[in-house]
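Residue-level listing of the chains:
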Amino acid sequence: MNRVRQLVHADKVYRMGYTGKNIRVVALDTGVYLHPDIRGNVKLFLDFIAGKTICYDDNGHGTHVAGIICGNGRLKGIAPQSQLIMLKVLEKDGGGKTKNVIRGLEWVIQHHREQRIRILNFSVGFLPGAHSEEQRKILEMLEQLWDEGVTVVTAAGNNGPKEGTVTAPGISRKVITVGASDDGMKSAFFQSGYSGKGPTECCIIKPEIYAPGTNIVSLDNKGSLYVKKSGTSMATPVVSAALALALEKNPYLRPEELKLKLYQSAKRERSLQKGWGLLQVDKLLDLV
C-alpha cells in the first residue's frame, strides 16, 4: 500500500488533514474479517449467503478490498477513517449467484439514504457469456443508485489485453470503471496486460480511470496477517477511497461531478491510451 499511496499522490492529501472521515462506502464482496486494522471502520455487515450476523470472510477477497479502502492500523488504506458497510454476496470460491447480488443491491437502494452511503465499491464482474438478462438487471440497479446520488465504482475485469474485454457492469455508461495501471508488472496471478480494455459494444471508452492493482499488499482474512493480491478488484477500491477523501472535502458533490473531477485530474500516460489516465488524489482534491 505504500507504493500505491505514492503512485497516486495520496500522502500529500493526508498532510492537509483529509482521511475520508465519516464517509460511508458500501462494498459487495465475499464478506469481511474483523482484522485489527479495520475493526473500528466496519459499521455494518449483512450476509446474503448464509444469513450470519457476525462478520466473516471465507474467501479473503472482501477483506483485502476493505483494507485498501480503510485500513487504519499497521497497514494504511487510502481513506483510513472512512466507514465501511460490507454486504456478503459472494461465496467461498469467490463466485456467486446473481440473485444474491440483486438482493444486496435491493438493500442498498432501500437503505442508502438512512445509512448515509455515498460510494458503492463493486469489485465484481460477470464471466464472459453470463446471461444478458442478469447483466441488464444489475446494470439498471447500479444506474438507479447513481441517479439517486450514490457514486458507483466498478472493476474493468481481468480478461485483457484485447479490446472489448471490459466485463459487466463496468460497461455501463454512467458508472466509474477502473483498470489496473500496472498490469504489465510480473504477477503470479494474471498474464501481462490482464486489465480489461474498451471500448464497449456501444463505443464507450472504458475503463475511464486507472489505479495500481498488481501485487497489492492488504489484509488477510486470518489473524493479524497481510497478503498480496492482484487484479482490477484491487484497483477499484483505490478509486473508491480516493472519492471518499474528495467527499470529505466537499460532501455536496454528485456522482457526475466526481466523475468529471476524476477526468480533469487524471495523469495522462502513454501506456494508458484507452482511458483518461492514472488517478492523482492530490489533484482531485485541488479541484473539489
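Heads up: the structure comes first, above all this text.
Since this is a predicted model, take the numbers as computed values, not measurements.

Parameters and conventions
- Residues numbered from 1 in each chain as written.
- Predicted model: local features only at pLDDT ≥ 70, side-chain atom pairs only at ≥ 80, totals over all residues.
- Heavy atoms only, no water.
- Helix = DSSP H or I, 4+ residues; strand = E, 2+ residues; numbered from the N terminus.
- Buried < 20%, exposed > 50% of the residue type's maximum accessible area, 1.4 Å probe, protein only.
- Contact = heavy atoms within 4.5 Å.
- Polar contact = N/O pair within 3.5 Å; in protein donor to acceptor, adjacent residues only side chain to side chain.
- Axes fitted to C-alpha atoms, helices over the stretch in contact; angles between N-to-C directions.
- Parallel < 35°, antiparallel > 145°, perpendicular 65-115°, else oblique.
- Left-handed = near helix turned anticlockwise from the far one by under 90°.
- Nonpolar A, V, L, I, M, F, W, Y, C, P; charged D, E, K, R; others polar.
- Arc of directions from axis to C-beta.
- Pairing = 2+ DSSP bridges.
- Salt bridge = Lys/Arg side-chain N within 4 Å of Asp/Glu carboxyl O.

Asker: Help me understand unusual backbone geometry, please; the structure alone is not making it clear to me.
Answerer: Among all residues except glycine, the phi angle is most often negative; among peptide bonds, the trans geometry is most common. The step from Ala 168 to Pro 169 runs through a cis peptide bond, and the omega angle for that step is 10°. The backbone phi angle of Asn 22 is positive, close to 70°, even though this residue is not glycine. Relative to the helices and strands, Asn 22 is located in the loop between helix H2 (11-15) and strand E1 (24-29). Residue Cys 203 is not a glycine yet carries a positive backbone phi of 65°. Take Cys 203: its relative accessible area is 66%, and that puts it in the exposed class.

Asker: Help me understand the environment of Arg 3, please; the structure alone is not making it clear to me.
Answerer: One can find Arg 3 in helix H1 (residues 2-7). The exposure class assigned to Arg 3 is partly exposed, which follows from its relative accessible area of 30%. Along the chain, Arg 3 and Val 25 lie 22 residues apart, while their C-alpha atoms are 23 Å from each other. Once you skip the residues sitting within four places of it in the chain, Arg 3 turns out to touch Asp 182, Met 185, Pro 212, Thr 214, Asn 215 and Ile 216. Only 3.1 Å separates the side chain of Arg 3 from the side chain of Asp 182, close enough to count as a polar contact.

Asker: Would you mind going over the packing of helix H4 (residues 98-111) against helix H5 (residues 132-147) with me for this structure?
Answerer: When two helices pack together, their arrangement is given by the angle between the helix axes and by the axis-to-axis distance. Viewed as axis vectors pointing N to C, H4 and H5 meet at an angle of 15°, and their least axial separation amounts to 10 Å. The angle between H4 and H5 falls in the class roughly parallel. Regarding H4 and H5, the two cross each other, and that crossing is left-handed. Between H4 and H5, the contacting residues are Thr 98, Val 101, Ile 102, Leu 105, Glu 106, Val 108 and Ile 109 on the first element and Glu 134, Lys 137, Ile 138, Met 141, Leu 142, Gln 144 and Leu 145 on the second. Residues belonging to the contact of H4 with H5 are distributed by class as follows: 9 nonpolar, 2 polar and 3 charged.

Asker: Teacher, can you tell me more about helix H7 (residues 255-265) here?
Answerer: For an α-helix, the turn length of 3.6 residues means that residues three or four places apart are oriented alike. Among the residues making up H7, those that are buried are Pro 255, Leu 258, Lys 259, Lys 261, Leu 262 and Ser 265. The arc enclosing the buried residues of H7, seen along the axis, measures out at 160°, which places them on a common side. Those residues of H7 that are buried are in contact with H5, strand E5 (151-155), strand E6 (176-180), strand E7 (209-211), helix H6 (232-249) and helix H8 (281-287).

Asker: Explain the sheet that holds strand E3 (residues 83-88) to me, please; I cannot follow it from the model alone.
Answerer: Judged by pairing direction, the sheet is parallel, and its 8 strands sit side by side in the order E2-E3-E1-E4-E5-E6-E7-E10 without closing on themselves. Taken across any chain shown, the strands that pair with only one partner, and hence form the sheet edges, are strand E2 (42-47) and strand E10 (277-278). The pairing of E1 with E3 spans 6 bridges and is classified as parallel. Paired with Ala 27 across the two strands is Met 86, which belongs to E3.

Asker: What exactly am I supposed to notice about the pattern of salt bridges here?
Answerer: Once the charged atoms of two side chains with opposite charge are near each other, the side chains can pair. All chains considered together, the criterion is met by 14 salt bridges. The closest approach of N and O atoms between Asp 182 and Arg 3, which form a salt bridge, is 3.1 Å. On the criterion of sequence distance, the pair formed by Asp 182 in the loop between E6 and E7 and Arg 3 in helix H1 is long-range, its members being 179 residues apart. As a salt-bridge pair, Glu 140 and Arg 136 come within 2.4 Å of each other at their nearest N and O atoms. Remark: Arg 136 and Glu 140 occur in helix H5; sequence separation between them is 4 residues, near one turn of the helix. Residue Arg 136 is classed as partly exposed on the basis of its relative accessible area of 36%. It is possible to trace a salt-bridge network through shared partners that takes in Glu 133, Arg 136 and Glu 140.

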